[in-house]
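# Tertiary structure, described
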Amino acid sequence: MEMIPISSILECTGEAPVENNRPIKSTNITGTQITDMNDDCLVYIFSSQSLDLLDLCSIAETCTRFQLITELIFPKKLALERNGPYVVDAEKYFGQHLEEHDVKRVLTNFGFVVSDFSISERISRCKRERDSLDCVFMDAVTRHHFDSLKSLHIYGFKLPDICTDQFKEMFKRLQLLELQWVSTSDATLFDGLHSLVDLRVMQVENCGAILEKVFPALERFTYFTTHLRHTITIRRTKLVQSFDKLMTFVARHHDLKVIDLCFYSDNKSFIILLETIGNSCKNLVELWIRVVLSTFTSAHLKSLHAFKSLRTLGLFEVSCGNFQFISALTELRELHLSGCSLPGDFDVLSGLTKLVIDGCTTSDRFDLIQMIGRLGKLEELTISYFHIQSTKFQLSRNAFDQIGTIVMDRPQVLTLKCEFYFDLASPDMYSKILLLYYVAN
C-alpha cells in the first residue's frame, strides 16, 4: 500500500504550512457539497449560535430548499423595539440591532412564518403624541400578510387613521391582541374579530371604540385604564363614561374565564361591576382586581360569593377586615394579596394550594407557623416585602424547622419562597419542604 505523505494530507485539508508566503488553496477531498447533506444536517448547521437573523436571510435567499429549511429554524415569536435602530427580542437572537432596511429584509423572508409578533417604541409613559405605527411593519403586513400570525402586541404607537384591508384581515385572524399605550381612531379595525380569545387593552386612548364591540370567542380580558398615579388628572365624567362601557362589555361576554382589571371607580360603581361579572360570567376561573377606591375594604368584595367557579383571585390594596366572603368560593385554590392587610382568621383559606403575600403589612403579631398549620393543602407559599409592625419579614432557622415538622406528614411538598439568611446544614432533613430564596423585582 502506497503511503501518502502527511504534507499532502495537510495540503488537501488546507492546513499545510505556507511556503514563500503563497496561500494554499483548500481542496475538498471527499467531493461532498453542502447541498449534498440531508435536511437534518442542514437544520443543525443553520441553527448554529454563531448565525444571526441576517445570516438566516442570506441562507434563505440562496435557493428554495434553503428557504424552506430556514423557515423551520426562524423563531415563531419575534419582538422588535424601535430605539434608534431596532432591537430584536427573540430567543437566541436577543439584543441584535437591525437598521430599517434589515428589518424589511427579515420580514420579507420570514414574516409569514411568525405566529407571535410584538412591536414597541421605547417611550415615556407620559408622552402625549404617539408616533404612527411603524411603516416597516405596515409595509410587511400589506405585502406579506403575516399569514401565520395569531398573537399581536403593539406598544406605544398610534394605529392608522384609516386601516388597509390587509391590516383588517390580519386582525380578524388574531387569537390574542394586546394594545398598550396605543391610540386608535378607526373603530372598524375591531369589527369581525371572531377568532379573538385573549384581549388586553391597557392605557389605550379611545378604548371605548373597542368596548363597544362583541368578540364571540373571547375568554380572557385585561383592562387597564390610565395609570393609577395619574387618575386624579382625568375628568370624572370621562371616567364614568368609560366605566359604563366596561360594565356593558362584560355583560355581553358571558364566556369570559379570566378577567384582569385596573381602574378608578367610586364604591357604588365597583360593587355594581362585581355583581355584573358574577351574574354574567358563570364560568369565570381567574379574577384580578386592581382598583382605586377612596376606601377599599373587604366589605366591597361581598359580591364575590357568587363566583362559584373561581380558582384564582388577585387582590391589590385591600384593607381586609376579614376574608369570610372566601368561604363561599369552594373552588378557590390560588390567592394573591398585594399591598393588603392580612386576615386574622386563616381557617377560611384552608382550601388554598397557593398563597402569595406581596407588599403587605400587618400591625398585629403574625404567626407564620400557625398559618401554615391551618392551610393543610398548601403547596406553594410566597412572601415578599412583607412588614410586621414596620419590621421586614425574614424567615428564621427556628421557624423553618417548625414548618418542616408540620408538613412532614402531609402528602404534598410545600415550596416556600421568601428571604432567609441561614445555611441549610441538612437540605435532605425535610423531604416535604423546598425552601427558595426569593425577592420580588
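Notes on the structure follow. Every value quoted in this text rests on a predicted model; they were computed, and no experiment measured them.

## A word on the side chain of Ser-118
- Looking at the secondary structure, you find Ser-118 in strand β4 (residues 116-121).
- Take Ser-118: its relative accessible area is 13%, and that puts it in the buried class.
- Those residues in contact with Ser-118 that lie beyond four places of it in its chain are Leu-78, Ala-79, Leu-80, His-153 and Tyr-155.

## Some words on the packing of helix α3 (residues 53-60) against helix α4 (residues 64-73)
- Between α3 and α4, the least distance of the axes is 8 Å, while the angle of their chain directions is 150°. Our classification of the angle between α3 and α4 gives roughly antiparallel. In contact with Leu-56, Ile-59 and Ala-60 of α3, α4 contributes Phe-66, Gln-67, Thr-70 and Ile-73.
- Of the residues that constitute the contact of α3 with α4, the class distribution is five nonpolar, two polar and no charged.

## Some remarks on the pattern of salt bridges
- This model, assessed by the stated rule, comprises 16 salt bridges.
- Across the pair Asp-39 and Arg-65 runs a salt bridge whose closest N-O atoms are separated by 2.8 Å. Of this pair, Asp-39 sits in helix α2 (residues 39-46) while Arg-65 sits in helix α4; the two residues are 26 residues apart in sequence, bridging distant segments of the chain.
- Looking at Asp-39, the relative accessible area reads 40%, which means it is partly exposed.
- For Lys-417, the salt bridge identified is with Glu-380, shortest N-O distance 3.3 Å. Taken together, the positions of Lys-417 in strand β20 (residues 414-418) and Glu-380 in strand β17 (residues 380-384) put the pair 37 residues apart, joining distant regions of the chain.
- Taking relative accessible area as the criterion, Lys-417 reaches 22% and is therefore assigned partly exposed.
- Shared partners join several salt bridges into a network, and the residues in it are Glu-178, Asp-198, Arg-200 and Arg-220.

## Let's talk about the packing of aromatic side chains
- Across all of its chains, the model carries 15 aromatic pairs by this definition.
- The interplanar angle of 70° and the centroid separation of 5.9 Å between the aromatic rings of Tyr-421 and Tyr-437 together place this pair among those described as edge-to-face. Note that Tyr-421 is positioned in the loop between β20 and β21 (433-437) and Tyr-437 in strand β21, a separation of 16 residues in sequence.
- Judged by its relative accessible area of 44%, Tyr-437 is partly exposed.
- An aromatic cluster is present here, built from Phe-400, Phe-420, Tyr-421, Phe-422 and Tyr-437 joined pairwise through their rings.

## A closer look at the environment of Arg-173
- As for its position among the elements, Arg-173 is in the loop between α7 (165-172) and β8 (176-180).
- Residue classification places Arg-173 among the partly exposed positions, given a relative accessible area of 26%.
- Between the C-alpha atoms of Arg-173 and His-194, which are 21 residues apart in sequence, the distance is 8.1 Å.
- Among the polar contacts made by the side chain of Arg-173, one reaches the main-chain carbonyl oxygen of Phe-146 at a distance of 3.4 Å.

## A closer look at α3
- A large share of α3 lies buried, amounting to six of its eight residues.
- Within the sequence span of α3, burial applies to Leu-53, Leu-54, Leu-56, Cys-57, Ile-59 and Ala-60.
- Among the structural elements, α2, α4, β2 (86-89), β3 (97-98) and α5 (100-110) are those in contact with the buried residues of α3.
- The N-cap of α3, judged by a side-chain oxygen 3.1 Å from the amide nitrogen of Leu-54 a few residues on, is Asp-52.

## Overview of the sheet that holds strand β19 (residues 391-392)
- One open sheet holds the three strands; their spatial order is β16-β18-β19, and the pairing between them is mixed. Of all strands in the sheet, those with a lone pairing partner are β16 (361-362) and β19, marking the two edges.
- As paired elements, strand β18 (residues 387-388) and β19 share two bridges and run antiparallel to each other. Each residue of the ladder has a partner; that of Ile-388, found in β19, is Thr-391.

## As for the environment of Lys-282
- For Lys-282, the location among the structural elements is in the loop between α10 (267-280) and β12 (286-292).
- Every residue in contact with Lys-282, bar those within four places of it in the chain, is listed here: His-254 and Ser-309.
- Side-chain polar atoms of Lys-282 contact the backbone oxygen of Gly-278, separated by 3.4 Å.

## Let's talk about the side chain of Thr-382
- Assignment of secondary structure puts Thr-382 in strand β17.
- The exposure class assigned to Thr-382 is buried, which follows from its relative accessible area of 5%.
- Beyond its immediate sequence surroundings of up to four residues, Thr-382 is in contact with Leu-355, Val-356, Ile-357, Lys-417 and Tyr-438.

The rules behind each value
- Residues numbered from 1 in each chain as written.
- Predicted model: local features only at pLDDT ≥ 70, side-chain atom pairs only at ≥ 80, totals over all residues.
- Heavy atoms only, no water.
- Helix = DSSP H or I, 4+ residues; strand = E, 2+ residues; numbered from the N terminus.
- Buried < 20%, exposed > 50% of the residue type's maximum accessible area, 1.4 Å probe, protein only.
- Contact = heavy atoms within 4.5 Å.
- Axes fitted to C-alpha atoms, helices over the stretch in contact; angles between N-to-C directions.
- Parallel < 35°, antiparallel > 145°, perpendicular 65-115°, else oblique.
- Nonpolar A, V, L, I, M, F, W, Y, C, P; charged D, E, K, R; others polar.
- Salt bridge = Lys/Arg side-chain N within 4 Å of Asp/Glu carboxyl O.
- Phe/Tyr/Trp six-rings, centres within 6.5 Å; stacked < 30°, edge-to-face > 60°.
- Polar contact = N/O pair within 3.5 Å; in protein donor to acceptor, adjacent residues only side chain to side chain.
- Pairing = 2+ DSSP bridges.

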